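# Topology and contacts: notes
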Amino acid sequence: MTVTSSERALLDSIDEKEIVGLTTALIDAGGENPGDTEEKAAKVLAEHCRALGFDVRTVEVAPGRPNVFVSIGSDERPGVLFVGHSDVVPAGTGWTTDPFSAVVRDGRIVGRGSCDMKGGLAAVVAAMAAVLRSGLADEHPMTLACLVDEEDTGLGIRAFVAEPQHRTYSCCVVAEPTDLVTIYGCRGAANLEIEVRGRSAHAGQPRNGANAISAAARIIGIIEGSQAELDANPDPELGPATWNVGTIAGGTGTSMVADRCVVTVDRRLLPGESAAGVVGDLRSRIESAELTGSGIDVEIGIAMEMPGFLTSVNNGLVTTAVQSVMDNGSITNGHSAGSNPVRFTDIWTASCDGGFVAQQMGIPTVVLGPGEIERQAHRPDESVAVRQLSDSARAYALIATRIAALPGL
């Protein structure tokens, strides 16, 4: 697609120094989750956007944990919703720099959250600023929803999709790190906690008790056995749903029959699946195996649920996102190697807030942003390329100004 002169002017107005400045300020503001709150980072973002002339609204969903919504343009026509989060995973050890004092070196910004996803937030803001300066905002409204608690239990996104919407949206771009590959679908995730309660007894007479660990082992066998069924019924694009037993803890001593065992399990969800449905099916299998009774009780709790989503690869949002990345020159990414073709679209093995948007708000959704989640995020010396932040901002600006021309969006 040919970039028009007005689009070229828009792209040229993206301010790289502004992106770097906001990214480093957001990194310095911290927001480890768990262990801290997002309040400082939210304040940095809100104050920066107010200074740019954006409409800014904050909603506290828990003490010190405000969702921030920044918008440009008219609220009388559907706009493009961008979604990000203000929290970061704990810094951990092994850093060569202070993780919360951003450093720019060799064309990269180093610091916790640079890749996931303070850089993505700054790129969206820079795109919005360029569209506002160009005078196109009323015709092409944009909103950034910067949400808390994405890295843990999803308090921010749950509050957002549950509240009355102040604006309407035609589509959503989640600015998570994808190396500028347009992600059109991902599986969801459910974290389950299975508590097995038994009856204690002396190990010399184990039949006098009911061993919770032994019962838990049988439940794990049921889970692993059901994986074959999931493998036989994959989604054509996302693949199968999966189980993973993450932790197990139980018993109080070697010479005692264990009266309690807790197993935590990750279950990846296909679009249309729910954690409640998965739990119901597992309970049914446990009952069919006659595991309960005779001193054994089982409770299954849902610690976290994040739905998946799948947008047609032919949807106008997907094609516009891909073309916008190509048209601003960002066509060589970490997924190209030798003679292999560059990938512009993909599905994700991770989960993100986009599933809630697609499910609850019913709008086409993609994930697209700067940084490589597998190589750079959630590790010591996390970093993101400054060039890719600018490329992302330009892609976001093109998406926002092109999407309104598409039928049905």
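It should be noted that the structure appears before, not after, this text.
Residues numbered from 1 in each chain as written. Predicted model: local features only at pLDDT ≥ 70, side-chain atom pairs only at ≥ 80, totals over all residues. Heavy atoms only, no water.

### A look at unusual backbone geometry
- With an omega of 5 degrees, the peptide bond running from Asn33 to Pro34 counts as cis.
- The peptide bond linking Asp116 to Met117 adopts the cis configuration, its omega dihedral lying at -5 degrees.
- You can see Met117 is positioned in helix α4 (residues 114-133).
- The phi angle at Asp149 is positive, at roughly 65 degrees, despite the residue not being glycine. (Helix = DSSP H or I, 4+ residues; strand = E, 2+ residues; numbered from the N terminus.)

### Considering helix α5 (residues 155-162)
- Listing the buried residues of α5 in full gives Gly156, Ile157, Phe160 and Val161. The buried residues of α5 all sit within an arc of 115 degrees when viewed along its axis, so they share a single face.
- Looking at the buried positions of α5, the neighbouring elements they touch are β2 (65-72), β3 (79-85), β6 (142-147) and α9 (354-361). (Buried < 20%, exposed > 50% of the residue type's maximum accessible area, 1.4 Å probe, protein only. Arc of directions from axis to C-beta. Contact = heavy atoms within 4.5 Å.)

### A closer look at empty space enclosed by the protein
- Tallied over the full model, the rule gives 1 cavity of 30 Å³ or more.
- Its volume calculated, the largest cavity comes out at about 40 Å³.
- Lining the largest cavity are Ser74, Arg77, Gly79, Val80, Pro141, Met142, Thr143, Arg167, Thr168 and Tyr169.
- Listed by contribution, the elements that provide at least two residues to the lining of the largest cavity are β3 and β6.
- Across the lining of the largest cavity, the residue classes tally to 4 nonpolar, 4 polar and 2 charged. (1 Å grid on protein atoms, 1.4 Å probe; cavity = no way out; pocket = protein on both sides within 12 Å on 5 of 7 lines; lining within 4 Å. Points joined across faces, edges and corners; volume = space filled by probe spheres on them. Nonpolar A, V, L, I, M, F, W, Y, C, P; charged D, E, K, R; others polar.)

### Focus on the sheet that holds strand β5 (residues 108-110)
- Spatially, the 3 strands line up as an open sheet ordered β4-β5-β16, and their pairing is antiparallel. Edge strands, defined here as strands with exactly one partner in the open sheet, are β4 (103-105) and β16 (383-385). Put simply, the sheet's adjacent strands are angled 25 degrees from each other on average, direction ignored.
- Here β4 pairs with β5 via 3 bridges, running antiparallel. Each bridged residue has a counterpart across the sheet, and for Arg105 the counterpart in β5 is Arg108.
- Packed on one face of the sheet, helix α2 (residues 16-28) meets β4 and β5 and runs near 15 degrees to β5. (Pairing = 2+ DSSP bridges. Axes fitted to C-alpha atoms, helices over the stretch in contact; angles between N-to-C directions.)

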